[in-house]
Amino acid sequence: MDALLVLVILSVSIFLFACNWLRVDLVSLMILLALGITELVSPMEAFSGFSNPAVITVAVMFIISAGLTHTGALQPLTTRLLNISGQNERYMVMTIMATSAVFSAFINNIAATALLMPLAIEMGKKGNVSPSKLLMPLAFGSLLGGVCTLIGTPPNLLANALLKQHANSSFTMFDYSPVGILLLITGIFYMMTLGRRLLPERKSGILTTAYQVKEYIAEVEVLPRSLIANKTIAASRLEENHKLKVRAILRGRQNFPFPHKNRKILAGDILFIEGNPKTILELHRAEGLQVVPEKEYPKNPQRVREDVLVIEASLTPTSEMVGKTLRRVKFADTYGLTVLAIWRSGAPVVRKVDHVTLRFGDVLLLQGTRDHVLHLSQSHGFLLLGNIETSPYRPHRGPASIAILAGAILLATTGVMPIMLSATLGALLMVLSGCLTIKEAYESIDWSIILLIAGTLPLGIAMESSGLAQKLATTLINSAGDLGAWPILAILIFLTLILTAIMSNAATVVLLAPVAYSCAVSLTVDPKPFFMGIAVAASICFISPIGHQSNALVMGPGGYKFFDYTRVGVGLNLLCWSLASLLIPLVFPF
């Protein structure tokens, strides 16, 4: 009966993860509570995930990654590496993938992708190559690089912690490297040849290259005879009568960005009006407004005025804005920013943007002050795509941050201390050395991933204690007949790839680890190959944008559609599946 109840919770969990109706961290907390309330696990076991070494290590690795990005330690190396590719598209793909892989092996995959994405876009502009030809290889490179080391990606750390829990064994820092490096070389070769031909050729997902802001933001001067002179914005009824919004007022040397509706309009003011261009041009007849000559307005402005930016921002999967409309959250009032347009899946959404339900990967064209833009980036899950520093830049601390990372890796590799302790020490030193403030350290942790892992770990405990893991393992072994451990490993890797395409990679590792261990026990073989197999497979899902956050991050800027990933990634996933199934038992024999 316990096994049946766990199976029901498992099935509902997979369904909720797949349909994406609720955030993954909320689903994981629901799993935790369901297991505790039904007494399938004890209260201590239900919350044991929060003290798991993998959870702690993942959290502190976020801090170490932030220390490297805040100091700009990797920026000079990044620029040099990307410049050597010249303007040859094939070499660009190779350089971008190799660079993102090297970074992702030691820092968070998402941080590496975010760091390199603006540079990859700029490289494409110089070589006249569409971002759609470069950004998917960038994401794929970060996934493949994460497989190369123990700290490269959360599934590796999680598989290591679960292996220690089940079999009192563990992986070292570079145990993943032989398999990971061969998969990386294969992935780069694939993307330089067949994959490059399958990538879509699309217009840039960057809105300011596709639209001139002048099309829907215009400057108008209030003439002395104007009917709206000496009236408040609300009393002018510009929005009610003409569907026009006043986004800023320039009065001599004074600038009033995003003025309140009770702000008075005076003769001689310059208004920044958002609305239909035809309506704006006709407005001077009815209201006594004169459109400022076009020569005074830059053709492709980065600023409307000195302190008002126009900039693109990509919506990341962790943002609380996902699944909501701008109207629902009162975006302009809450964040002090105006959304001028939205770019989604290779096409712009310009009209009625307030009513559009936002998705991860959307690119928003924002207008507002620098402070408001930075706040949105730092606290609300938006990645800025313009030339703006999103965090305090401390280049003088760059060498210290690199030394701290190297020291943490060295301590773990030589066995002086476990990776959990060396990484925690590294995170502490990042703060004490001034690479990060304590506030920045807390903000750098992706708490949704922490809750996801901690909340799903009790499900693995319940699967094992209820006997469900053993039953699933027996079914799997019986289906393979007497072929032995090798085909069982191949089946587990394939199953991991499928589950990761529809749900979180960390959750997939937690769910399949007990099954992997039970398979190893039933076959009387070493469990290490099975745990490495599910960890590797959980980190290399290329067939959907929801398989990994790096995939989702490039979706909007690259102008990709959902099935672009399937078309390009299915061949690479089949290739990696075959290679991993063959290579892992050679590195770690059964």
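Refer to the preceding data block for the structure.
Let me begin by describing the structure that accompanies this report.

Calculation rules
- Residues numbered from 1 in each chain as written.
- Predicted model: local features only at pLDDT ≥ 70, side-chain atom pairs only at ≥ 80, totals over all residues.
- Heavy atoms only, no water.
- Core = buried A, V, L, I, M, F, W, Y, C linked by side-chain atoms within 4.5 Å.
- Buried < 20%, exposed > 50% of the residue type's maximum accessible area, 1.4 Å probe, protein only.
- Contact = heavy atoms within 4.5 Å.
- Patch = residues over 30% accessible without salt bridge, like charges linked within 9 Å, V, L, I, M, F, W, Y side chains within 5 Å.
- Areas by Shrake-Rupley, 256 points an atom, 1.4 Å probe, with all protein chains shown as cover.
- Salt bridge = Lys/Arg side-chain N within 4 Å of Asp/Glu carboxyl O.
- Helix = DSSP H or I, 4+ residues; strand = E, 2+ residues; numbered from the N terminus.
- Phe/Tyr/Trp six-rings, centres within 6.5 Å; stacked < 30°, edge-to-face > 60°.
- Lys NZ or Arg CZ within 6 Å of the ring centre and 35° of its normal.
- Expected span 1.5 Å × (residues − 1).
- Polar contact = N/O pair within 3.5 Å; in protein donor to acceptor, adjacent residues only side chain to side chain.
- Axes fitted to C-alpha atoms, helices over the stretch in contact; angles between N-to-C directions.
- Parallel < 35°, antiparallel > 145°, perpendicular 65-115°, else oblique.
- Nonpolar A, V, L, I, M, F, W, Y, C, P; charged D, E, K, R; others polar.
- Pairing = 2+ DSSP bridges.
- Left-handed = near helix turned anticlockwise from the far one by under 90°.
- Arc of directions from axis to C-beta.

Attention shifts here to the nonpolar core. By size, the foremost hydrophobic cluster in this structure holds 145 residues, and its most contacted members are Met117, Phe140, Leu158, Met191, Leu459, Met463 and Ile540. Contact partners of Met191, with chain neighbours within four places excluded, come to Val93, Met97, Pro137, Phe140, Arg196, Leu199, Val568 and Leu572. Counting residues in each nonpolar core, the second largest holds 22 residues, with Ile311, Val339, Val356 and Leu374 among its members.

This part takes up a nonpolar patch on the surface. A contiguous nonpolar surface patch, about 560 Å² in accessible area, is contributed by Met1, Leu4, Leu5, Leu7, Val8 and Val12. Its location among the elements puts Met1 in the segment before helix H1 (2–19).

Here the focus is the packing of aromatic side chains. On inspection of all chains with the given rule, the structure shows ten aromatic pairs. An aromatic cluster is built from Phe171, Tyr176 and Phe588, whose rings are joined through pairwise contacts. One cation-aromatic arrangement involves Arg263 over Phe256; the distance from NZ or CZ to the ring centre is 4.0 Å.

As a further point, take unusual backbone geometry. A positive phi angle is found at Arg237, which is not glycine, with a value near 60°. Positionally, Arg237 belongs in the loop between helix H13 (233–236) and helix H14 (238–242). Phi is positive for Thr524, close to 50°, though the residue is something other than glycine. Within the fold, Thr524 resides in the loop between helix H25 (505–523) and helix H26 (528–539). Relative accessible area serves as the criterion here: at 72%, Thr524 is assigned to the exposed category.

What follows is about helix H4 (residues 53–71). Across its 19 residues, H4 extends 27 Å between first and last C-alpha, which sits within 8% of the 27 Å expected from 1.5 Å per residue. Counting buried positions along H4 yields 16 of 19 residues, so the element is predominantly enclosed. Between the side-chain oxygen of the N-cap and the backbone nitrogen of Ala54 there are 2.8 Å, and the N-cap of H4 in question is Asn52. Immediately beyond the C-terminal end of H4, within one or two residues, lies Gly72, with a positive phi of roughly 65°.

Moving on: the packing of H1 against helix H2 (residues 24–37). Running from N to C, H1 and H2 point in directions that differ by 170°, and their axes come no closer than 10 Å. Overall, the two elements H1 and H2 adopt an arrangement that is roughly antiparallel. Each of Ile9, Ser13, Leu16 and Phe17 in H1 lies in contact with H2, whose residues at this interface are Val24, Val27, Met30, Ile31, Ala34 and Leu35. Residue composition of the contact of H1 with H2, by class: nine nonpolar, one polar and no charged.

So, on to the pairing of strand E6 (residues 270–274). The element E6 is largely enclosed, with a buried count of five among its five residues. Side chains Ile270, Phe272 and Glu274 project from E6 onto one buried face, and the interleaved Leu271 and Ile273 project onto a second face that is buried too. Two elements, strand E3 (residues 245–251) and E6, share five bridges in a ladder whose sense is antiparallel. Looking at the pairing, Leu250 lines up with Ile270 of E6.

Here we take up the packing of H25 against H26. Helix-helix packing is characterised by the crossing angle of the two axes and by the distance between the axes. Between H25 and H26, the shortest axis-to-axis distance is 8 Å and the interhelical angle comes to 155°. Taken together, the axis directions place H25 and H26 in an arrangement best described as roughly antiparallel. Note on packing geometry: the crossing formed by H25 with H26 is right-handed. Facing Asn505, Val509, Leu512, Ala513, Ala516, Tyr517, Ala520 and Leu523 of H25, the residues of H26 in contact are Phe530, Phe531, Ile534, Ala535 and Ala538. Considered class by class, the residues forming the contact of H25 with H26 number twelve nonpolar, one polar and no charged.

Right, let's get into H1. Spanning 18 residues, H1 covers 26 Å between terminal C-alpha atoms, matching the ideal 26 Å at 1.5 Å per step. For H1, the complete set of buried residues consists of Ala3, Val6, Ile9, Leu10, Ser13, Leu16 and Phe17. Across the axial projection of H1, the buried residues extend over an arc of 150°, all falling on one side. Backbone geometry just after H1 places Asn20 at a positive phi near 65°.

This part is about the environment of Met192. Examined against the element boundaries, Met192 turns out to sit in helix H10 (residues 177–192). Overall, Met192 belongs to the buried group, its relative accessible area being 13%. Each C-alpha atom of the pair Met192 and Met94 lies 6.6 Å from the other, and the pair is 98 residues apart in sequence. In contact with Met192, other than residues within four places in its own chain, are Arg90, Val93 and Met94.

Taken as a whole and assessed by the stated rule, the structure comprises six salt bridges. Residue Glu239 pairs with Lys261 through a salt bridge whose shortest N-O separation is 3.8 Å. Pair noted here: Glu239 is in helix H14 and Lys261 is in the loop between strand E4 (254–257) and strand E5 (264–265), with a separation of 22 residues, a long-range link. Note that Glu443 and Lys439 form a salt bridge whose closest N and O atoms lie 2.5 Å from each other. Pair noted here: Glu443 and Lys439 are both in helix H21 (residues 438–444), with a separation of four residues, about one helical turn. In this structure Glu443 comes out as partly exposed when scored by relative accessible area, which is 38%. With relative accessibility at 54%, the residue Lys439 sits in the exposed group.

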